[in-house]
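Commentary on secondary and tertiary structure
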Amino acid sequence: FDRSGSMGFALDGTTPLGSTPSRWTVLRNALAAALPPAERTLAMGAKFFPRVFDPGTNPGTTETCATLPGLDLAPALGASAAIVRVFDDTDPFGPTPTFGALDATLRYLRARPRRGVSRAIMLATDGGPNCNFTPPPACRCTSTSCAMTRPDWMINCLDETRTIELLREAAN
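Residues numbered from 1 in each chain as written. Predicted model: local features only at pLDDT ≥ 70, side-chain atom pairs only at ≥ 80, totals over all residues. Heavy atoms only, no water.

**Focus: the nonpolar core**
Within the largest apolar cluster, 14 residues are counted, with the highest numbers of intra-cluster contacts made by Phe1, Leu27, Leu31, Phe48, Ile83 and Phe87. What Phe87 contacts, discounting residues up to four positions off in sequence, is Phe1, Trp24, Leu27, Arg28, Leu31 and Phe48. (Core = buried A, V, L, I, M, F, W, Y, C linked by side-chain atoms within 4.5 Å. Buried < 20%, exposed > 50% of the residue type's maximum accessible area, 1.4 Å probe, protein only. Contact = heavy atoms within 4.5 Å.)

In structure tokens form, the structure reads like this:
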């Protein structure tokens, strides 16, 4: 689940005002309604990205692109409340390291093979994956305010090639 800073915006990209919910809130509410009916028969887990940071973390550092190994919540029956609680307990922040989160998820699943058990990964994100460390000018920016001279240019570089390749690999 994408917990990047843009998830704090309304669906139309503006700052939420009054009764207009953020993308984070819309996703939380959709999951709160959709997950409980399946939680007795479907073991659910979760990986949130980027990881939670200390309040003083500079959003323009490579640290904000790092993803922790494993999952935030291991797959289990009855996990819907725990998944929704993460939405209630954290706020959107930082970039969108989709590749790193998918890679950690696939590594987790590969380390725990389950013959004869179907598995699925649901990716919920509001935009293009970034945290690509390809140097400018090859980088395509995912932000309208890219300043490729800043030391934090890399968090805004689109990382679609690696992410799509990893999704294909996961599907196979």
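**Details of the environment of Thr105**
Along the chain, Thr105 falls in helix 3 (residues 98-110). Take Thr105: its relative accessible area is 10%, and that puts it in the buried class. Along the sequence, Thr105 and Pro69 sit 36 residues apart, while their C-alpha atoms lie 7.9 Å from each other. Beyond its immediate stretch of four places on either side in the chain, Thr105 contacts Lys47, Leu71 and Ile121. (Helix = DSSP H or I, 4+ residues; strand = E, 2+ residues; numbered from the N terminus.)

**Focus: the pattern of salt bridges**
For the structure on display, the rule yields five salt bridges. With a shortest N-O distance of 2.3 Å, Arg110 and Glu169 are connected by a salt bridge. In this pair, Arg110 sits in helix 3 while Glu169 sits in helix 4 (residues 160-171), placing the two residues 59 residues apart along the sequence. You can call Arg110 partly exposed: its relative accessible area is 46%. Taking relative accessible area as the criterion, Glu169 reaches 43% and is therefore assigned partly exposed. (Salt bridge = Lys/Arg side-chain N within 4 Å of Asp/Glu carboxyl O.)

**Focus: the state of the cysteines**
Evaluated as defined, the whole model comprises one disulfide. In this model, Cys65 is linked to Cys131 through a disulfide, with the two sulfur atoms separated by 2.1 Å. Between Cys65 and Cys131, the S-S torsion sits near -80°, and that sign places the bridge as left-handed. Of this pair, Cys65 sits in the loop between strand 1 (44-46) and strand 2 (73-76) while Cys131 sits in the loop between helix 3 and helix 4; the two residues are 66 residues apart in sequence, bridging distant segments of the chain. Per residue, the accessibility class of Cys65 equals that of Cys131, and both read buried. (Disulfide = S-S within 2.5 Å.)

**Notes on the packing of helix 3 against helix 4**
Two elements in contact, helix 3 and helix 4, have axes separated by 9 Å at closest approach and are oriented at 25°. Overall, the two elements helix 3 and helix 4 adopt an arrangement that is roughly parallel. The element helix 3 and its partner helix 4 pack so that their crossing is left-handed. In contact with Thr98, Phe99, Leu102, Asp103, Leu106 and Arg110 of helix 3, helix 4 contributes Arg162, Thr163, Leu166, Leu167, Glu169 and Ala170. Grouping the constituent residues of the contact of helix 3 with helix 4 by class yields six nonpolar, two polar and four charged. (Axes fitted to C-alpha atoms, helices over the stretch in contact; angles between N-to-C directions. Parallel < 35°, antiparallel > 145°, perpendicular 65-115°, else oblique. Left-handed = near helix turned anticlockwise from the far one by under 90°. Nonpolar A, V, L, I, M, F, W, Y, C, P; charged D, E, K, R; others polar.)

**Here we look at the packing of helix 1 (residues 23-34) against helix 2 (residues 80-89)**
Put simply, helix 1 and helix 2 touch, their axes get as near as 10 Å, and they point 160° apart. Relative to helix 2, the element helix 1 is oriented roughly antiparallel. The handedness of the crossing between helix 1 and helix 2 comes out as left-handed. Residue-level contacts link Trp24, Leu27, Arg28, Leu31 and Ala32 of helix 1 to Val84, Val86, Phe87 and Asp88 of helix 2. Taken together, the residues that form the contact of helix 1 with helix 2 break down as seven nonpolar, no polar and two charged.

**Observations regarding the packing of aromatic side chains**
If you walk through the whole model with that rule in mind, you get five aromatic pairs. When the ring of Phe1 is compared with that of Phe48, the centres are 5.2 Å apart and the planes differ by 35°; the resulting orientation is tilted. Separated by 47 residues along the polypeptide, Phe1 in the segment before helix 1 and Phe48 in the loop between strand 1 and strand 2 bring together distant segments of the chain. Of the two residues, Phe1 and Phe48, both sit in the buried class. Ring centres of Trp24 and Phe87 lie 4.3 Å apart, and the angle between their planes is 35°; on these two criteria the pair is classed as tilted. (Phe/Tyr/Trp six-rings, centres within 6.5 Å; stacked < 30°, edge-to-face > 60°.)

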